[in-house]
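Chains, contacts and geometry: an overview
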Amino acid sequence: MRVLGVDPGLTRCGVGVVEGVAGRPLTMVGVGVVRTPSDAELGHRLVAIERGIEEWLDEHRPEFVAVERVFAQHNVRTVMGTAQASAVAMLCASRRGIPVALHTPSEVKAAVTGSGRADKAQVGAMVTRLLRLDAPPKPADAADALALAICHIWRAPAQNRLQQAVAAHRTLKGRTA
């Protein structure tokens, strides 16, 4: 399974591609950041993020895209920018028919470090160890994108089984109604 993880942001949008399956060693295929100038017009920044995501999709051909689910913060402006960058990533993937999964920050931290309250340094350290890298990816947005991809690879099999069970239950329920 090849997954593009996206840590959305207007100034720095982390992107990372990981390949592998749950229970086996994973491989980093690529990692980086799509950057936009903070003084640029919002529309231009979103177009730049779209172009950057499209380049990653073209180059790495992921089977899935995992995006960090936007959560409420005190700074509404930050939340809006993150949500807009997130929507661009989801749009790019969906336009190509690539399934998109959303994972919360605490879900990603728990999957990668064992604690949903882990800090950025702990996430970076575990990403480095899990992918057998020489050093943590910089900036933290890039490490977070890899963590999203790892989380999805590890959680997708269980999520797929749950979705299949729910679908089977609905089918059985429909037959008895």
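Just so we're clear, the structure is a prediction, and the values are computed from it rather than from any experiment. The numbers attached to residues start from 1 for each chain and follow its sequence in the written order. In keeping with the model being predicted, local features are shown solely for residues with a pLDDT of at least 70 and side-chain atom pairs are shown and tallied solely at 80 or more, while totals for entire chains, interfaces and linings include all residues. The side-chain numbers reported here are obtained from all heavy atoms of the structure, hydrogens and water having been left aside.

1. Digging into the pattern of salt bridges
Our working definition: In what follows, salt bridge is the name for a side-chain nitrogen of Lys or Arg lying within 4 Å of a carboxyl oxygen of Asp or Glu. The helix count covers DSSP runs of H or I at least four residues long, the strand count covers runs of E at least two residues long, and both are numbered beginning at the N terminus. We call a residue buried when its accessible area falls under 20% of the maximum for its residue type, exposed when it is over 50%, and partly exposed in between, using a 1.4 Å probe and counting protein chains only.
Per the counting criterion, the structure on display carries eight salt bridges. In this structure, the salt-bridge partner of aspartate 144 is lysine 120, at a minimum N-O distance of 2.4 Å. Taken together, the residues span a long stretch of sequence, with aspartate 144 in helix α5 (residues 140–176) and lysine 120 in helix α4 (residues 120–130) at a distance of 24 residues. In this structure lysine 120 comes out as exposed when scored by relative accessible area, which is 52%.

2. Looking at the sheet that holds strand β2 (residues 12–19)
Consider a sheet: its strands pair through backbone hydrogen bonds, and that pairing is either parallel or antiparallel. Put simply, the rule is: By this definition, two strands are paired if DSSP reports at least two bridges between them. Each axis is a line fitted through C-alpha atoms, taken for helices only over the stretch in contact, and angles between the N-to-C directions span 0 to 180 degrees. Note on contacts: a residue pair qualifies if any of its non-hydrogen atoms lie within 4.5 Å across the two residues.
Pairing is mixed in the open sheet, where five strands are placed in the order β3-β2-β1-β4-β5. Edge positions in the open sheet fall to β3 (27–35) and β5 (100–103), since each of these has one partner strand only. The sheet shows a mean angle of 20° between the axes of neighbouring strands, direction not considered. As paired strands, β2 and β3 are joined by eight bridges and run antiparallel to one another. Bridged to glycine 16 within β3 is valine 31. Strands in contact with helix α1 (residues 42–60) are β1 (2–7), β2, β3 and β4 (64–68); relative to β3, the strand with the most contacts, it is inclined by about 165°. This element, helix α2 (residues 76–95), spans β1, β4 and β5 of the sheet and lies at about 170° to β4.

3. With respect to α4
The α-helix winds at 3.6 residues per turn, so residues separated by three or four positions along the chain end up facing the same way. So the rule is basically this: Directions drawn from the helix axis to the C-beta atoms are what define this arc. As used in this structure description, the phrase polar contact means that two N or O atoms lie within 3.5 Å; if the pair is within protein, one of them must be able to donate a hydrogen and the other to accept it, and residues adjacent in sequence are counted only when both atoms belong to side chains.
Along α4, the residues that are buried comprise Val123, Gly124, Val127 and Thr128. Looking straight down α4, one finds its buried side chains confined to an arc of 135°; they lie on one side. Residues Ala121 and Arg129 are exposed on α4 and point more than 90 degrees away from its buried face. The distance from a side-chain oxygen at the start of α4 to the backbone nitrogen of alanine 121 is 3.2 Å, and the residue carrying that oxygen is aspartate 119. After α4 finishes, the residue arginine 132 shows a positive phi value of roughly 55°.

4. Topic: unusual backbone geometry
Cis peptide bonds are those with omega within 30 degrees of zero, and the linkage from lysine 138 to proline 139 qualifies with -10°. Mapped onto the elements of the fold, proline 139 is located in the loop between α4 and α5. Even without being a glycine, arginine 61 presents a positive backbone phi close to 45°. Under the relative-accessibility criterion, arginine 61 is labelled exposed at 57%. One non-glycine residue, arginine 132, adopts positive backbone phi at about 55°. With respect to the helices, strands and loops of the structure, arginine 132 is situated in the loop between α4 and α5. Arginine 132 sits in the exposed class, given a relative accessible area of 52%.

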